Amino acid sequence: MSLLKRLEQGQGQNAREAEAPATVKLQEMRVRRQAPSPGSRDGYPDLKTRIQHKLIAELDPSMDVTQVAKVRATIEEMFESILIEDSIVLSRNEKQRLFEQIVAEILGLGPLEPLLADASITEVMCNGPHNIYLERAGKIERTGAAFEDDDHLMRIIDRIVAPLGRRIDESSPMVDARLPDGSRVNAVIPPVSLVGPVLTIRKFSRVPLTVQDLINFGTLTPEAIEFLRACVVAKLNIVISGGTGSGKTTLLNVLSGYIPNDERIITIENAAELQLRQEHVVTLESRPPNIEGRGEIDIRDLVINSLRMRPDRIVVGECRGREALDMLQAMNTGHDGSLTTLHSNSPRDTLARLETMVLMAGMDLPVRAIREQVASAIDLIVHEERMSDGTRKVVSITEIQGMEGDIITMSDIFVFEQTGLEDGRVIGRLRPTGLRPRFISRIQAAGIMLPPAIFGIGKRS
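Keep in mind that this is a model prediction, so the values were computed, not measured. (Residues numbered from 1 in each chain as written. Predicted model: local features only at pLDDT ≥ 70, side-chain atom pairs only at ≥ 80, totals over all residues. Heavy atoms only, no water.)

Asks: I would appreciate a short explanation of the environment of R167 in the present structure.
Replies: If you trace the backbone, R167 turns up in the loop between α8 (150–161) and β4 (174–178). By relative accessible area, R167 is classed as partly exposed at 25%. Put simply, R167 and N290 are 123 residues apart on the chain and 8.4 Å apart in space, counted from C-alpha to C-alpha. In this view, R167 contacts S172, V175, P289, N290 and I291; residues no more than four positions away in its chain are not counted. At 3.1 Å, the side chain of R167 and the side chain of D169 are in polar contact. (Helix = DSSP H or I, 4+ residues; strand = E, 2+ residues; numbered from the N terminus. Buried < 20%, exposed > 50% of the residue type's maximum accessible area, 1.4 Å probe, protein only. Contact = heavy atoms within 4.5 Å. Polar contact = N/O pair within 3.5 Å; in protein donor to acceptor, adjacent residues only side chain to side chain.)

Here you go:
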């Protein structure tokens, strides 16, 4: 994408051309007398806008914006020249702050750049241009950042979705996308949204979370991690379930890391978020329909196609519809070791949701036949919850044992026991129930011998 096109999306020059020459001269005279401080609410936006417009007008439209360092150096040189030319005197801190904000507008995501750079922030929520909230340590707080108006926020949304070949307009007012680092993006605009454009960004850690991080956070225990590692290596089919924001994708990333490096992995997602480190990984991403309503490729299409790609493992970012039937079929036809996530409130609810999603495929199957497919395909459900203090914890690891009559039987291998609250923090631990899973023989066949203590057998709690 040329710099000119990028800048036209980001700013445009209509505002500069619309100003009367006399007004511009008067403003320039005022600046020469006394440059407004970036801390001043009255003069700073005008100063920033004028310098920004001058930079856009003077930049070479043919510059390659993918070479960020080179473009940034060019902008900095021109920025210094404009300050000297207009006799604008700023302190070093004010100058640096103004420069960073202008670069963010031209190359980045404007007011969101500082929020995205803050590693402690996990979610950014823009409810219209003037109400920006963030999530830090599981708690939501309002920020002082703001966009100029609806058009300013819309330009930033377009800048996010355009490189992905996606669109958002009145005919398609909702879009899922991602940032270059994999952070999840959702945008909703009028007429669906009544408060202006709404942008939600779920940030991904620049350095993917490790097993040790999950242990330190209290999400899992070392014993549970060792058990799940054995299950992945032994090619058991695992469903990670939980509510929104409970950490399903993070856990899926960690568990996927246990897949041996010599296996062919096909990942299927609505917006590519997984960060697998293996060498032999093929990433597939769904595609929405074009402006004519054609060309849509959904998750089900990708699951069906992946079966022709000689996969050793199929990893589906999230099952949310009719693709559940094809996912179950894949698990039942020799593609063991598949992983997926699913929204639900409990392990039992996970099975009910799977039944519903299979029926969404339009197949008029009896409930018992669906349950037999589910019981045969899935070996383990790992359920996560977001606790009252904002922490995310695995609350149960449940084995699917089979069918008894028309009911799928389940057995908890690990269960979270909450022992109390301390300064608002949930205190508890994921403990083994003392039961060995029935599929322990498959783990042993893979050459993995788990000590009885992992399951709480012969161990004092």
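Asks: Whenever I open this one, empty space enclosed by the protein confuses me. Can you help?
Replies: One simple way to see leftover space: roll a probe sized like a water molecule over the atoms. Going through the model one piece at a time under the given rule, you end up with 1 cavity of 30 Å³ or more. Estimates place the volume of the largest cavity at around 40 Å³. Lining the largest cavity are V239, C319, A324, M327, L328, M331, T340, L354 and I378. For the lining of the largest cavity, the leading source of residues is helix α13 (residues 323–331), giving 4 residues. Considering only residue class, the lining of the largest cavity consists of 8 nonpolar, 1 polar and no charged. (1 Å grid on protein atoms, 1.4 Å probe; cavity = no way out; pocket = protein on both sides within 12 Å on 5 of 7 lines; lining within 4 Å. Points joined across faces, edges and corners; volume = space filled by probe spheres on them. Nonpolar A, V, L, I, M, F, W, Y, C, P; charged D, E, K, R; others polar.)

Asks: What is the right way to read the pattern of salt bridges from this model?
Replies: As a working rule, side chains carrying opposite charge can pair if their charged atoms are close by. Summed over all chains, the structure comprises 20 salt bridges. The shortest N-O distance in the salt bridge between K95 and E80 comes to 3.6 Å. Of this pair, K95 sits in helix α6 (residues 92–107) while E80 sits in helix α5 (residues 68–85), placing them 15 residues apart in sequence. Among the residues examined, K95 registers a relative accessible area of 25% and is labelled partly exposed. (Salt bridge = Lys/Arg side-chain N within 4 Å of Asp/Glu carboxyl O.)

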